[in-house]
Structures are given as structure tokens and as C-alpha cells.
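The chain contents come next:
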Amino acid sequence: MTDFTQIKLDIADKIATITLNRPEKMNAYTRTMGQEIMAAMDQIDADDDVRAVIFTGSGDRAFCAGADLTPEGGGHVFSDPTEVEDLSDPKVRDGGGLLTLRLFESKKPLISACNGVAVGVGATMQLAMDMRLASDTARYGFVFARRGIVPEAASSWFLPKIVGISQALEWCYSGRVFDAEEAKAGGLIRSIHGPADLMPAARGLAQEIADNTSAVSVAMTRAMMYRLSTADHPMEAHKIDSRAIYRLSRGKDAKEGIASFLEKRAPEYPAKVSEDMPDFYPWWDEAEYD
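Residues numbered from 1 in each chain as written. Predicted model: local features only at pLDDT ≥ 70, side-chain atom pairs only at ≥ 80, totals over all residues. Heavy atoms only, no water.

Glancing now at the overall build of the protein chain. Helices and strands together make up the secondary structure of the protein chain, namely ten helices and ten strands. By the compact-globule yardstick of 19 Å for 290 residues, the protein chain fits well, its C-alpha radius of gyration being 20 Å. Taken along the three principal axes of its C-alpha coordinates, the protein chain extends 60 × 45 × 40 Å. Scored against the burial criterion, the 290 residues of the protein chain give a buried share of 43%. Taking contacts inside the protein chain between residues at least 6 apart in sequence as the whole, the part at least 24 apart equals 71%. Only carbon and sulfur atoms are counted for the fraction: they give 53% of the accessible area of the protein chain, which is about 14900 Å². For the protein chain, the separation between the mean place of its 32 positive charges and that of its 44 negative charges on side chains is 4 Å. (Helix = DSSP H or I, 4+ residues; strand = E, 2+ residues; numbered from the N terminus. Rg over C-alpha atoms; globule rule 2.2 N^0.38 Å. Buried < 20%, exposed > 50% of the residue type's maximum accessible area, 1.4 Å probe, protein only. Contact = heavy atoms within 4.5 Å. Areas by Shrake-Rupley, 256 points an atom, 1.4 Å probe, with all protein chains shown as cover. Lys, Arg positive; Asp, Glu negative; His and termini not counted. Charge placed at Lys NZ, Arg CZ, Asp CG, Glu CD.)

See below:
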């Protein structure tokens with residue numbers, strides 16, 4: 001297990017929990033925190049026993065209060081302090097975007113349990129998670145226009161897909177902080193829970209996935225939904241789902257899925273994401289920063 005200083009990683013019952021762990025600063029985001037989350041995701045994706053991931057914040061005040069505006073040792077807040085001539089220089093890359101791109105690549109389902117304030121990157125990092133649950137104390141804010149910058153963490157790609165362009169623009173234009181009820185009405189979150197019920201609800205959702213589904217099927221489904229929903233024609237989806245059905249229907253998980261259904265018992269899927277993804281996966285060319 002990696003030693004982390006700004007997050008906690010716990011793994012139990014096939015579920016990994018990543019807790020943002022700077023409660024004295026309302027779990028404000030730093031470059032170190034981002035690097036630690038990405039390292040934890042590398043560890044999780046390599047662990048076939050982990051079937052789902054929950055993200056939450058330490059304490060009862062905040063999920064993440066955005067970028068740390070008073071970082072230890074001073075320094076530039078929103079970007080690398082180095083001056084460059086070429087904007088394709090990797091130093092220009094937004095740290096929140098590096099994180100959400102890593103979450104986008106996850107082979108495991110990601111669940112957000114937002115337990116309080118989530119503004120700036122605290123809100124945008126959750127957009128790369130698959131299901132978002134919130135405490136009734138949660139508050140969200142895409143506050144970038146009120147800080148003189150723009151939405152980051154690739155949220156201009158994620159947010160309109162989740163809530164629609166009009167709602168995304170309203171929240172980003174105004175930069176106001178809004179409550180969990182508005183977040184749910186706008187389609188940002190799945191459900192609202194009392195503070196004591198939030199993590200049990202998130203764990204219940206994660207456990208349902210872990211106990212009943214094929215890891216390979218879920219990993220493929222996640223990749224297909226995110227990558228094919230933006231294709232310019234449904235033929236692209238037809239090509240991939242046809243190939244996936246053809247390959248997976250001959251695999252050991254499909255045999256187990258049918259057998260467990262007919263025998264009226266819980267499934268025990270043997271296939272592993274580390275070894276048994278279809279031979280055409282990945283079918284895409286990785287995008288590059290240039």
C-alpha cells in the first residue's frame with residue numbers, strides 16, 4: 001500500500017474508498033492531493049479484487065472546498081508558475097484535468113459520496129465519476145467566473161453531458177453556490193441522503209455492482225458508454241458492441257452468468273480485468289496534449 005499524506009485509501013469487501021484528507025482546510029485540493037488520487041487509482045485498477053470505488057471527504061464540513069488558495073510554501077494557485085513560450089508545453093496542463101482524465105480511464109465504477117461543500121475542482125472532479133450521491137448538507141459551486149478564470153478539469157466536456165448545456169452555462173456563468181436539492185433537480189446528482197446515511201447508501205450501490213456483475217462486462221460498459229456516446233454515428237457503437245458481444249458471449253463469465261441464473265444462485269464470475277478484456281480492447285487511439 002502506498003503511503004499517502006493528503007488522502008486515505010481503504011479497501012474492504014471488494015470496494016475501495018478514497019477519502020480526501022485535509023479536514024483542517026476543508027479538504028482543499030493541492031497538486032499533491034491530485035497526484036495521490038492518481039496513484040491510488042493506478043493501484044485500484046491493478047487490483048482485480050476491487051470492483052468499485054467510492055470518493056468522499058474527511059470530516060463533516062466539506063467534500064473538497066476547491067483549490068487551496070493559500071498553499072503551504074506559497075506559490076501560484078491555479079497553474080504552474082513557470083513561464084513558457086509554447087502553450088503545448090506539458091507545464092501548461094491543468095492539474096484538475098490531469099486528474100479527471102485519469103478518472104475517465106478507470107476500469108472500475110466510480111461513485112461520489114459528497115458530504116459537504118464541493119466547489120471549484122471539488123465539484124468538477126466529481127463530474128468524471130459515474131454516480132454522484134450527496135448529503136443534504138452538500139453545496140456545489142462552479143465558481144470560476146468569480147475567481148477570474150474558466151471551468152477546468154475538462155468540465156466543459158463532462159458537465160454539459162451530465163446536466164445539459166443550458167444548466168451547465170447557468171451554473172458556470174453565475175458562479176453561485178447551490179444546495180443539494182438544486183443539484184438533484186438539475187441532474188447533477190442521483191440522490192440526497194442524511195449525513196449518517198450517505199456512506200451506507202454509496203456502499204450499498206457499490207456492493208450491488210460488486211456482488212452481481214462481471215468485472216469485465218462493467219469495464220467494457222464504462223469504456224463503451226463514455227467513448228461511443230460522442231461518436232458521430234451509431235454505426236461506431238454497433239461495431240464495438242457487436243465485437244464485444246461476439247467475444248464475451250464465448251467467455252467464461254457469460255457461461256457463469258447463464259449458469260447462475262438457471263441455477264438460481266449468486267454468480268461467481270471468474271474473468272479478470274487484468275487478463276480477460278477482449279482482444280480488440282482498447283479500440284481507440286489515445287488523445288495527446290498538443
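With that settled, consider the sheet that holds strand β3 (residues 52–57). Spatially, β1-β2-β3-β5-β7-β10 is the arrangement adopted by the six strands of the open sheet, whose pairing is mixed. Edge strands, defined here as strands with exactly one partner in the open sheet, are β1 (7–12) and β10 (191–193). Strand-to-strand twist of the sheet, defined as the mean angle between neighbouring strand axes without regard to direction, takes the value 20°. Relative to β10, strand β7 (residues 131–135) runs parallel, the two sharing three bridges. Paired with Ala134 across the bridge in β10 is Ile192. (Pairing = 2+ DSSP bridges. Axes fitted to C-alpha atoms, helices over the stretch in contact; angles between N-to-C directions.)

Another point: the pairing of β1. A regular strand carries its side chains on alternate faces of the sheet. Bridge count between β1 and strand β2 (residues 15–20): six bridges; the pairing is antiparallel. Paired with Ile7 across the two strands is Leu20, which belongs to β2.

Turning next to helix α1 (residues 31–45). In this model, α1 (15 residues) spans 21 Å end to end at C-alpha, consistent with the 21 Å of a helix rising 1.5 Å per residue. By the burial criterion, the buried members of α1 are Met33, Gly34, Glu36, Ile37, Ala40, Met41, Ile44 and Asp45. On the buried face of α1, the contacting elements are β1, β2, β3, α2 (95–104) and β5 (110–114). (Expected span 1.5 Å × (residues − 1).)

Don't take any of this as a statement about function, it's just geometry.
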